[in-house]
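Architecture and fold: a report
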Amino acid sequence: MTELYVEIDFREVALGSQKEILKECVASDHVAEYDVVEDDDEADKSGLETGDIIINDAVCIERKAPGDFVQSMTGGHLEDQLDTMYDQYDHVFVLVSGTMDDLYSTRSRVHDNAIRAFVASMSVRWQTPPIFCGSEEELAKTAIDLGRKVLEPLKRRPGQPDITVDNDLGPIGQAAMLADDIGPKTAERIQESGKFAT
C-alpha cells in the first residue's frame, strides 16, 4: 500500500468538527505521516502556500463548505485558487462538504442557474469538477482516497492495455489485460502460450 504523507491547513477555515474527523481519518488509514498547520502552530505561521490538503507533495486539495464555495465563486477567488494550485501541482481537486442542493440553499443572492453554470465551467474549462462529498466525514475520507488513487500504480484503464506492463507484452497479452481479473503475470503467460480464450 502506498505510504501517504499528508499536510493539512486548518487556518482561516471554520468547518466545525472536520478538523477532528480529518485528523482521525489520516491517523487510522495507514497514512505514514501527517502535519497539521493551525493558528497556534508556532512552527509555521505561514501555513500551506495553496490548497488545504497536500498529499506527498503531488496532490493538492481545496476543501469548501457550501457557503464558502458560493462566496468564492462570486468573487472570482476560487478561479484564482485553481490557477495557483495548477501552477504548483499536477493533481488538483476541489471537495465540497455538501451537495448541489446545499449550494442552492445558501443564503446568497446567487441564482441556481449561475451556480450550475459555474460548476459546469469548472468541469469543462478547468477540468476540475467539484466533488460533492455530502458531509465533513466523507470529505475527509475522499481526500485520502484521492491521494491514494493518484499515487498508486495504475492497473488498467477501460479500453487500454495495462500501462505498468512491460512494453514487450504483445497484442494477445494486452488484450488479456482488458479482461476482468487478469493481471500482468497471467497476461504474460497467455502471451507466451499464444492463446486467449474467453
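Scroll up to find the structure this text is about.
Residues numbered from 1 in each chain as written. Predicted model: local features only at pLDDT ≥ 70, side-chain atom pairs only at ≥ 80, totals over all residues. Heavy atoms only, no water.

Our focus in this paragraph is the overall build of the protein chain. Of regular secondary structure, the protein chain possesses eight helices and six strands. In the protein chain, which comprises 198 residues, the proportion classed as buried is 40%. Contacts in the protein chain between residues at least 24 apart in sequence constitute 65% of all its contacts with a sequence separation of at least 6. Approximately 11600 Å² of the protein chain is accessible, and the part contributed by carbon and sulfur atoms is 46%. (Helix = DSSP H or I, 4+ residues; strand = E, 2+ residues; numbered from the N terminus. Buried < 20%, exposed > 50% of the residue type's maximum accessible area, 1.4 Å probe, protein only. Contact = heavy atoms within 4.5 Å. Areas by Shrake-Rupley, 256 points an atom, 1.4 Å probe, with all protein chains shown as cover.)

Before going further, it helps to spend a moment on the side chain of S72. Mapped onto the elements, S72 comes out in helix α2 (residues 66–74). We classify S72 as buried; its relative accessible area is 4%. A polar atom in the side chain of S72 sits 3.1 Å from the side chain of K64. Discounting residues that sit within four places of it in the chain, S72 has contacts with K64, H77, L78 and Q81. (Polar contact = N/O pair within 3.5 Å; in protein donor to acceptor, adjacent residues only side chain to side chain.)

Topologically, V150 is positioned in helix α6 (residues 136–151). Relative accessible area serves as the criterion here: at 26%, V150 is assigned to the partly exposed category. Along the primary structure V150 and H91 are separated by 59 residues, whereas in three dimensions their C-alpha atoms are 7.7 Å apart. Here V150 is in contact with V59, H91 and F93, once residues within four sequence places are set aside.

A few words now on the packing of aromatic side chains. In total, this model carries three aromatic pairs according to the counting rule given. Relative to F118, the ring of F69 has its centre 6.0 Å away and its plane inclined at 75 degrees; by these criteria the two rings are edge-to-face. Here the residue F69 occupies a position in helix α2, and F118 occupies one in helix α5 (residues 112–124), the gap between them amounting to 49 residues. Here F69 and F118 have matching classes, each one buried. (Phe/Tyr/Trp six-rings, centres within 6.5 Å; stacked < 30°, edge-to-face > 60°.)

Attention now moves to the nonpolar core. Counting residues in each nonpolar core, the largest one holds 19 residues, and the members touching the most others are F69, L103, I115, F118 and M122. Among the elements of the structure, α2, α3 (77–88), β5 (91–96) and α5 are those that each provide at least two residues to this core. In terms of residue count, α5 provides more of this core than any other element does, four residues in total. (Core = buried A, V, L, I, M, F, W, Y, C linked by side-chain atoms within 4.5 Å.)

Turning to the pattern of salt bridges, a few remarks are in order. Using the criterion set out here, one finds three salt bridges in the structure. Residues K64 and D68 are paired through a salt bridge, measuring 3.6 Å at the closest nitrogen-oxygen approach. Relative accessible area serves as the criterion here: at 32%, D68 is assigned to the partly exposed category. Where E137 meets K141, a salt bridge forms, and the shortest distance between an N and an O atom there is 3.2 Å. (Salt bridge = Lys/Arg side-chain N within 4 Å of Asp/Glu carboxyl O.)

So, on to α2. Listed in full, the buried residues belonging to α2 are P66, F69, V70, S72 and M73. Within α2, the buried residues cover an arc of 165 degrees as seen down the axis, which keeps them to one side. Tucked inside the fold, the buried residues of α2 contact β4 (59–64), α3, β5, α4 (100–104) and α5. Among the residues trailing α2, G76 stands out with phi positive, at a value near 80 degrees. (Arc of directions from axis to C-beta.)

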